[in-house]
Amino acid sequence: VWVSILCERGGDAVEGHLQGKMQNTAPQVQTDIRTTGMVYCLVKRLFDIIFSIVTGLILLVPMLMIGLLVKLDSKGPALYKQERLGWKGKPFVMYKFRSMRMDAEENGPQWAERDDDRCTKIGRFLRASRLDELPQLLNILKEVIIYIVW
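Because the structure is predicted, anything quoted here is derived from the model rather than measured. (Residues numbered from 1 in each chain as written. Predicted model: local features only at pLDDT ≥ 70, side-chain atom pairs only at ≥ 80, totals over all residues. Heavy atoms only, no water.)

Attention shifts here to the overall build of the chain. A count of helical and extended segments in the chain gives four helices and four strands. Burial status across the chain gives 30% buried among its 150 residues. Accessible surface computed for the chain: about 10800 Å², of which carbon and sulfur atoms make up 63%. (Helix = DSSP H or I, 4+ residues; strand = E, 2+ residues; numbered from the N terminus. Buried < 20%, exposed > 50% of the residue type's maximum accessible area, 1.4 Å probe, protein only. Areas by Shrake-Rupley, 256 points an atom, 1.4 Å probe, with all protein chains shown as cover.)

Put into structure tokens, the structure is as follows:
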């Protein structure tokens, strides 16, 4: 039996899909999955809130230092924000530490390359270490994105 549980906005929508031998008993199992799914979604949301607050507090000083280094390395704001499309095409604002020059997209949007000359000195390090993603903790807290462990 394969079960997939989908959480959207703190458990407002929970969906169970059944395959295999349990298809004949789907109505009863479906109810159990929905209840379990709602509990899972609530626990997952609680984890995301605690994770983003604790991690944000632990990394507050390093994040302030990274922001200062970005400002000292090049002109412009320390944070880069861009509208992206999320779940079901819903737009959200993504935040990152800025790793490229302010005029990086003057010729229109472009995919970043391995040794992209548009990257700032500190930006190369931030991208390689993925530290440019730390401001995404704000979006986890706002429930725009979720934390996923691979």
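We now examine the packing of aromatic side chains. Aromatic rings in a pair are described by how distant their centres are and how their planes are angled relative to each other. Using the criterion set out here, one finds one aromatic pair in the structure. Relative to Phe 51, the ring of Phe 47 has its centre 5.8 Å away and its plane inclined at 20 degrees; by these criteria the two rings are stacked. With a gap of four residues between them, Phe 47 and Phe 51 both fall in helix H1 (residues 26-58), about one helical turn apart. (Phe/Tyr/Trp six-rings, centres within 6.5 Å; stacked < 30°, edge-to-face > 60°.)

With that out of the way, let us pick up the pairing of strand S4 (residues 91-97). Every regular strand shows the same layout, with side chains that alternate between the two sheet faces. Most of S4 sits inside the fold, with five of its seven residues counted as buried. For strand S3 (residues 79-85) and S4, the ladder comprises seven bridges, and the chain directions are antiparallel. Residue pairing for S4: Arg 84 is matched across the bridge by Phe 92. Linking S3 to S4, which pair antiparallel, is a turn of five residues; within it Lys 88 sits at a positive phi near 55 degrees. (Pairing = 2+ DSSP bridges.)

This part is about the environment of Asp 73. Considering the arrangement of structural elements, one finds Asp 73 in helix H2 (residues 60-73). We classify Asp 73 as partly exposed; its relative accessible area is 28%. With 28 residues separating them in the primary sequence, Asp 73 and Arg 101 have C-alpha atoms 9.6 Å apart. Among the polar contacts listed, one links the side chain of Asp 73 to the backbone nitrogen of Lys 121, at a separation of 3.1 Å. (Polar contact = N/O pair within 3.5 Å; in protein donor to acceptor, adjacent residues only side chain to side chain.)

Moving on: the nonpolar core. Counting eight residues, the largest nonpolar core consists of Met 63, Ile 66, Val 70, Ala 78, Phe 97, Ile 122, Leu 126 and Leu 134. Among the elements of the structure, H2 and helix H3 (121-129) are those that each provide at least two residues to this core. The residues contacting Phe 97, other than those within four sequence positions of it, are Met 63, Ile 66, Gly 67, Ala 78, Leu 79, Tyr 80, Leu 126, Leu 131, Asp 132, Leu 134 and Pro 135. (Core = buried A, V, L, I, M, F, W, Y, C linked by side-chain atoms within 4.5 Å. Contact = heavy atoms within 4.5 Å.)

To continue, consider the layout of surface pockets. One water molecule sets the probe size; rolling that probe over the atoms shows where empty space is left. Size it by volume and the second largest pocket reaches roughly 610 Å³. In this structure, the second largest pocket is lined by 23 residues; those nearest its centre are Tyr 80, Arg 84, Met 100, Glu 105 and Arg 127. Breaking the lining of the second largest pocket down by element, the ones donating at least two residues are S3, S4 and H3. Here the lining of the second largest pocket is composed, by residue class, of ten nonpolar, three polar and ten charged. (1 Å grid on protein atoms, 1.4 Å probe; cavity = no way out; pocket = protein on both sides within 12 Å on 5 of 7 lines; lining within 4 Å. Points joined across faces, edges and corners; volume = space filled by probe spheres on them. Nonpolar A, V, L, I, M, F, W, Y, C, P; charged D, E, K, R; others polar.)

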